[in-house]
Amino acid sequence: MREIQFREALREAMSEEMRNDDKIYLMGEEVAEYNGAYKVSQGMLDEFSAKRVIDTPISECGFAGIGIGSAMNGLKPIIEFMTFNFSLVAIDQIINGAAKIMSMSGGQFSVPIVFRGPTGNAGMLSSQHSQCFESWYANCPGLKVVVPSNPYDAKGLLKSSIIDPDPVIFMESELMYGDKGEVPEETYYIPLGKANVTKEGSDVTLVGFGKIMKVVNAAAAELEKEGIHAEVIDLRTVRPIDYDTVIASVKKTNRLV
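Cut-offs applied
- Residues numbered from 1 in each chain as written.
- Predicted model: local features only at pLDDT ≥ 70, side-chain atom pairs only at ≥ 80, totals over all residues.
- Heavy atoms only, no water.
- Helix = DSSP H or I, 4+ residues; strand = E, 2+ residues; numbered from the N terminus.
- Rg over C-alpha atoms; globule rule 2.2 N^0.38 Å.
- Buried < 20%, exposed > 50% of the residue type's maximum accessible area, 1.4 Å probe, protein only.
- Contact = heavy atoms within 4.5 Å.
- Lys, Arg positive; Asp, Glu negative; His and termini not counted.
- Charge placed at Lys NZ, Arg CZ, Asp CG, Glu CD.
- Salt bridge = Lys/Arg side-chain N within 4 Å of Asp/Glu carboxyl O.
- Polar contact = N/O pair within 3.5 Å; in protein donor to acceptor, adjacent residues only side chain to side chain.
- Axes fitted to C-alpha atoms, helices over the stretch in contact; angles between N-to-C directions.
- Parallel < 35°, antiparallel > 145°, perpendicular 65-115°, else oblique.
- Nonpolar A, V, L, I, M, F, W, Y, C, P; charged D, E, K, R; others polar.

Draft legend 1. Structural context of the overall build of the protein. Scanning the protein for helices and strands turns up nine helices and twelve strands. Relative to the compact-globule value of 18 Å for 257 residues, the protein shows a C-alpha radius of gyration of 18 Å, a close match. Each principal axis of the C-alpha distribution contributes one length, and for the protein these read about 55 × 40 × 40 Å. Here the protein holds 257 residues, and the buried ones make up 51% of them. Considering only contacts within the protein whose residues lie at least 6 apart along the sequence, 80% involve residues at least 24 apart. Here the protein contributes 25 positively and 35 negatively charged side chains, and the mean placements of these two sets differ by 3 Å.

In structure tokens form, the structure reads like this:
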């Protein structure tokens, strides 16, 4: 194990999968020459060339559509939005395109595409850069929605998202890119749709995902001081939600927050 930043975990996930499969490419605003708005793709242009790490104009609808079309034709795009607020410019492509093509084509076309980028609030940003959209996308059939809470999960979940045959919305907290955590040297994948019980307990079940897990863990620690043993569940994936793990916990604790 070694300690790396959240952004480095994401970079390792993309780079490892791109080395494994030359059909995978990264596309978005400032991902190449500028090394990414949040330096997630730093150094990837040098390794993979401008053919596979592609800078775009400020045109989310355009490059999301290009990504979907290329996925239908056998490529595996990773589309970076500088913030998921800007994905609204491309939401018709995502919802009426990527999410529905498998159904609309009678199963003839899958869309192995990842839309990733920062979500939620961050420092000194206004309202057009601060909203959370996981509930919007999680209520759309045909999409998987992943929101990791730490570097270990970020890497394992992103690697699984990239090789998934269906479209995945992968949301990263803008406030967590600099967070550090332990990540193994060896290759690993975390399955989508499987929650993680991070703390066993008997009195109350606390469920969260993404950066709010910091608050959840802090609450569990405070409860422990009072002799209340909380069970903590990190959903990891918002769609599909791992209801089985949550229900099994509530059967034990009888309380859910």
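Draft legend 2. Representation of the pattern of salt bridges in the model. According to the stated counting rule, one finds 19 salt bridges in the structure shown. Where arginine 2 meets glutamate 185, a salt bridge forms, and the shortest distance between an N and an O atom there is 3.8 Å. Taken together, the positions of arginine 2 in strand β1 (residues 2-5) and glutamate 185 in the loop between β8 (180-183) and β9 (196-199) put the pair 183 residues apart, joining distant regions of the chain. Overall, the relative accessible area of 58% leaves glutamate 185 in the exposed class. The partner of lysine 225 in a salt bridge is glutamate 222, and the shortest N-O contact between them spans 2.9 Å. Of the two residues, lysine 225 and glutamate 222 both sit in helix α8 (residues 213-225), three residues apart, roughly one turn of that helix. What makes glutamate 222 partly exposed here is its relative accessible area of 43%. Taken together, the shared-partner salt bridges connect Arg2, Glu12, Glu16, Glu17, Lys155, Lys159 and Glu185 into one network.

Draft legend 3. The arrangement of the side chain of threonine 56 in detail. Examined against the element boundaries, threonine 56 turns out to sit in the loop between β3 (53-55) and α3 (60-72). On the basis of relative accessibility, which here comes to 16%, the residue threonine 56 falls in the buried class. A polar contact is formed between the side chain of threonine 56 and the backbone nitrogen of glutamate 29, at a distance of 3.4 Å.

Draft legend 4. Expanded view of the packing of α3 against helix α4 (residues 91-98). Running from N to C, α3 and α4 point in directions that differ by 25°, and their axes come no closer than 8 Å. Comparing their axes, α4 and α3 come out roughly parallel. For the pair formed by α3 and α4, the contact residues are Cys61, Ala64, Gly65 and Ile68 on the first element and Gln93, Ile94 and Ala98 on the second. Of the residues in the contact of α3 with α4, the class split is five nonpolar, two polar and no charged.

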